[in-house]
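Summary of structural features
Below, each chain spelled out in residue letters.
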Amino acid sequence: MIAFHATVRGARRNGLGLLLTPLVLLRRVVQGLALALERMIWRELIEDEAPANPLVSLLAFLLFSGLCLLASLQGAVAYVIALLLFLLPMEWLMASFGYAAPVQRRVLLQSWGQRIRLFADTAGGSERLELDRAAITAVRIRRANLELPPLGERPLGWDLCLAMADPAAEHLLARATSLSGAWQQAHALAADLGVPLHLAGALNARQLAAARPGGPQPDDVWRLETGSSATRLVRSRRGVGAAQWWRSFAQQGSYLLFVAVLNTVMVKYGGFLVWMFGPRLGLSESTTLVLDLSLPGLLSLALPEWTVIQTLLVVAALGAAGIGSYRQWSPQELCLTDDQLSLRRPGQPSRSLPLRLITGALLLPGPPPRVILWSERRPPIVVDGLSGEREAAELLEKLESVLGPPQG
């Protein structure tokens, strides 16, 4: 006899989410404007590349110029900067507190002999099913995502499903917050039912190569070291090129740095627009544009003005970039001996799996991507904290090269 029961929680927008939605949309508009300006300045002026849609760049330029002109005339540059700072955490607040998690369904699974009864209670009613044990093909774990406008997809955890011979008849049984928690429940149920345990959506190296024919080769982040007693795959900053590290560093603090530099740009460019167009538009009196042609004066046109808010912004941006880069490029090590594989990370307990129990190395696409050493008999080893799909693909290919063909 099998008795399995679980409560599956969903997600829906609450009152705070309704209040934050306009601010999240405004932040998306600001991000789009920043990206359009960046592409216009960098690609058109430096790389001399024609934009795919010149109207977007023109609109971004006109909006930005109008914002600088208005802010300079009204003396509201600091207020614009404060607004942008206020918009920074809106999506995080929306994702963390803007959605409630009501009960989606309660599931009870019972079995006698070759027949299985499934009881599912939902807000819209109840479901009672009689299933044939022979029709159950596997217990499946899959990533649980939910489309929540305007945030897009939000991860909800990991779903435990009952896979049937008919793919459309798959039944949701439980939802766990972590992969290890989902594996514990799924392993117990699969053992009781006598069916295999699968991870949905994962790719091996052969499937990954077929999915991206002729694509760029992965970066060399994981270094392979072969010794007499063990083979190690080491990930450290020594294996990361300077260009890769600086790219990661810039991505972490790019938005804060954009706001920091925007203060100077709005003051300089807005003052120029006031001098040039203000009198013609009847917005200001004619003035003389003072140009300092000395070296410090010319440098001041490009360098930020080091006000208090400017300094705090740059320090916050560099701090966010440094912390994000450290997490992204934190050292890890996979050590393979004759009988087991171990994952070691600084400040965390080591994880090990006997090699004979590893059925294969799998890539679960992100975000964030994960490389999983899968086993149906022991909790899998999950390698996360990867910089992206390229690094995950590199690690997967190197792991399969040292592990050899999948174990049965």
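Residues numbered from 1 in each chain as written. Predicted model: local features only at pLDDT ≥ 70, side-chain atom pairs only at ≥ 80, totals over all residues. Heavy atoms only, no water.

1. A few points about the packing of aromatic side chains
All told, the structure shown has three aromatic pairs when counted by the stated rule. Each ring, one from Phe64 and one from Tyr269, has its centre 6.2 Å from the other, and the planes form 10 degrees; the classification is stacked. Here Tyr269 lies in helix α7 (residues 242-281) and Phe64 lies in helix α2 (residues 54-74), a separation of 205 residues in the sequence. Aromatic side chains Trp92 and Phe97 sit 5.8 Å apart centroid to centroid with 85 degrees between the ring planes, which places their arrangement in the edge-to-face category. Residue classification places Phe97 among the partly exposed residues on the basis of a relative accessible area of 45%. (Phe/Tyr/Trp six-rings, centres within 6.5 Å; stacked < 30°, edge-to-face > 60°. Helix = DSSP H or I, 4+ residues; strand = E, 2+ residues; numbered from the N terminus. Buried < 20%, exposed > 50% of the residue type's maximum accessible area, 1.4 Å probe, protein only.)

2. What to know about the environment of Arg223
The topology assignment puts Arg223 in strand β11 (residues 222-226). The spatial distance from the C-alpha of Arg223 to the C-alpha of Lys398 is 9.3 Å, given a sequence separation of 175 residues. Engagement of the side chain of Arg223 in a polar contact is seen with the side chain of Glu225, the distance being 3.0 Å. (Polar contact = N/O pair within 3.5 Å; in protein donor to acceptor, adjacent residues only side chain to side chain.)

3. Considerations on unusual backbone geometry
Omega for the peptide link from Pro149 to Pro150 comes to 0 degrees, which places this bond in the cis form. Summarising the element assignment, Pro150 is placed in the loop between β7 (136-148) and β8 (152-164).

4. As for the nonpolar core
Val139, Ile141, Leu173, Leu189 and Leu193 are the most contacted members of the largest nonpolar core, which totals 34 residues. Here this core gets seven residues from one element, more than from any other, and that element is helix α5 (residues 179-193). Once residues within four sequence positions are removed from consideration, Ile141 is found in contact with Trp158, Asp159, Leu179, Ala182, Trp183, Ala186, Leu197, His198, Leu199, Ala200 and Trp374. Leu37, Val259, Ala260 and Ala317 belong to the second largest nonpolar core, which has 32 residues in total. (Core = buried A, V, L, I, M, F, W, Y, C linked by side-chain atoms within 4.5 Å. Contact = heavy atoms within 4.5 Å.)

5. Topic: a nonpolar patch on the surface
Among the surface-exposed residues, Phe272, Trp275, Met276, Phe277, Leu281 and Leu283 lie close enough to one another that they form a single nonpolar patch of about 530 Å² accessible area. Along the chain, Trp275 turns up in helix α7. Of the residues examined, Trp275 reaches a relative accessible area of 33% and is grouped as partly exposed. (Patch = residues over 30% accessible without salt bridge, like charges linked within 9 Å, V, L, I, M, F, W, Y side chains within 5 Å. Areas by Shrake-Rupley, 256 points an atom, 1.4 Å probe, with all protein chains shown as cover. Salt bridge = Lys/Arg side-chain N within 4 Å of Asp/Glu carboxyl O.)

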